[in-house]
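Structural features, examined
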Amino acid sequence: MLLPILFIFFSIAVLGFALLVVTTRNMFHAALFLVGALFGVAALYILLEAEFLAVVQILIYVGAIATLIVFAIMLSRNMMRRDIRAANDQWVEGAVAAVLLFALLVLVLSRASWPTVTAAAPPDAIPGIGKALVSDYVIPFEVASVLLLVGMVGAIIIARERE
Amino acid sequence: MLSKYGFIGILAVVAFGFPVLGLVVAWLLSPKKPNPIKQSTYECGVETIGDTWVQFRAQYYLFALVFVVFDIETVFLYPWAVAYGQLGLFALVEAALFVLILFAGLVYAWRKGALEWQ
């Protein structure tokens, strides 16, 4: 009985924060609202008993990506102005595209079958993830490392060119 | 398993409620006799010069990005470390390669002076 209430509470929290992200006129506050939405998603992961995913969500999205977004806003010219219009002159086209995309998603999702697992989630899934990373998914594992390296080198080159 | 997170939930509610309670009680009980000195931003301190909403130096971004890279590295290595006892030498070599590739990035950042504050 409690779980559906918690699920609805966190879902509303995520949607509310997400709405604030796109409607607030202060980019910096939008980034902070995004942190709230990401925390809500982490809570939803915990309700789904996906602990590792929840920790990753907080560690990477809240801890790292949100920091990066806040930094990007603080470093951009004019982004720190308090009053930025959230919409531009193309809002009509944007609204049409958004409504069409929403209709398409509703169409696809209503036709999809949603298989449910009745078995309980494994109590400790992390060793399984660790084993999969170095056996079946070893190539993505190593490619992720290269991808991170490329991102870091690219940032250093861009940052140094500016001087 | 899920009930353990109930404690985190209770702690979160208490952590959020505690400062709110303090502020509300202070707002209810405190006498309100404002004067210009009381209402200044810093009652004892130096007033800030200019707007506080300024553009920050781009160099901060580099530190944030390097942090993100090693944050993600931690997340990848954690499941590997948990499963370490059940894995063989090959897994150790793979993880070492993973760390070495990122270490090359750190060496690059260091050599290029990206970690130096200018």
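Conventions and cut-offs
Per chain, the residues get numbers from 1 upward, laid out in the order the sequence is written. Whichever chain is written first becomes A and whichever ligand is written first becomes 1, with later ones labelled in order. Totals for whole chains, interfaces and linings use every residue, but because this is a predicted model, local features are given only for residues with pLDDT of at least 70 and side-chain atom pairs only at 80 or more, for both listing and counting. In computing side-chain properties, one takes all heavy atoms of the structure into account and sets aside hydrogens as well as water. We call two residues in contact when some of their heavy atoms are within 4.5 Å. Summed over both partners, the accessible area (1.4 Å probe) lost when two parts come together is defined as the buried area. Within this document, salt bridges are pairs made up of a side-chain nitrogen of Lys or Arg and a carboxyl oxygen of Asp or Glu, the two lying within 4 Å of each other. Polar contacts here mean pairs of N or O atoms no more than 3.5 Å apart (in protein, one a potential hydrogen donor and the other a potential acceptor; neighbouring residues in sequence count only if both atoms are side-chain atoms). Segments assigned H or I by DSSP are reported as helices when at least four residues long, segments assigned E as strands when at least two residues long, and all are numbered from the N terminus. Just so you know, the domain bounds were taken from an automatic or database domain assignment. Confidence scores labelled pLDDT are given residue by residue by the predictor and lie between 0 and 100. Each nonpolar core is a collection of buried residues, namely Ala, Val, Leu, Ile, Met, Phe, Trp, Tyr and Cys, held together in the definition by side-chain atoms within 4.5 Å. A 1.4 Å probe rolled over the protein chains alone gives each residue an accessible area, and that area as a share of the maximum for its type sets the label: buried under 20%, exposed over 50%, partly exposed in between. In this description, a line fitted to the C-alpha atoms serves as the axis of each element, helices being fitted only across the stretch in contact, and the angle between N-to-C directions of two axes falls anywhere from 0 to 180 degrees. Oblique is the label for any angle not under 35 degrees, not over 145, and not in the 65 to 115 range, which are roughly parallel, roughly antiparallel and roughly perpendicular in turn. Ten residues, namely Ala, Val, Leu, Ile, Met, Phe, Trp, Tyr, Cys and Pro, are considered nonpolar, four, namely Asp, Glu, Lys and Arg, are considered charged, and the remaining ones, Gly among them, are considered polar.

Observations regarding the interface of chain A and chain B
- Contacts between chain A and chain B engage 48 residues on the former and 49 residues on the latter.
- Per-residue buried area on chain A facing chain B is highest for Leu75, Leu148 and Met152 of chain A; these three make up 15% of the total on that side.
- One can count zero salt bridges joining chain A with chain B.
- Joining chain A to chain B, the criterion identifies four residue pairs in polar contact (both at pLDDT 80 or more).
- Taken together, the elements giving at least two residues each to the side of chain A that touches chain B come down to helix H2 (27–47), helix H3 (51–75), helix H5 (126–134) and helix H6 (138–161) of chain A.

Re the domain arrangement of chain B
- Domain assignment breaks chain B into domain 1 (1–32) and domain 2 (58–112).
- Each of domain 1 of chain B and domain 2 of chain B has a C-alpha centre, and these two points are 38 Å apart.

Here we look at unusual backbone geometry
- Residues other than glycine seldom take positive phi values, yet Glu49 of chain A does so here, at roughly 60 degrees.
- Structurally, Glu49 of chain A can be placed in the loop between H2 and H3.

Describing the confidence of the model for chain B
- Taken residue by residue, chain B gives an average pLDDT of 85. The fraction at 70 or more is 98%.
- Least confident of the elements in chain B is helix H2 (residues 36–39) of chain B, whose mean pLDDT is 79; most confident is helix H1 (residues 4–29) of chain B, at 91.

Concerning the nonpolar core
- In this structure, Val134 and Ile156 of chain A together with Leu62, Trp80 and Leu87 of chain B are the most contacted members of the largest nonpolar core, which totals 32 residues.
- Listed by contribution, the elements that provide at least two residues to this core are H3, H5 and H6 of chain A together with helix H3 (59–82) and helix H4 (89–111) of chain B.
- Considering each element in turn, this core owes the most residues, 10 residues, to H3 of chain B.
- In contact with Leu87 of chain B, not counting residues within four places along its chain, are Lys131 and Val134 of chain A together with Trp80 of chain B.

Here we look at the packing of H3 of chain A against H3 of chain B
- One can describe the packing of H3 of chain A onto H3 of chain B by two numbers: an axis separation of 9 Å at closest approach and a directional angle of 170 degrees. The angle between H3 of chain A and H3 of chain B places the two elements in the roughly antiparallel class. Residue-level inspection shows Phe52, Val56, Leu59, Ile60, Gly63, Ala64, Leu68, Phe71, Ala72 and Leu75 of chain A of H3 of chain A in contact with H3 of chain B, the latter providing Tyr60, Tyr61, Ala64, Leu65, Phe67, Val68, Asp71, Ile72, Val75, Tyr78 and Pro79 of chain B.
- Counted by class, the contact of H3 of chain A with H3 of chain B contains 19 nonpolar, one polar and one charged residues.

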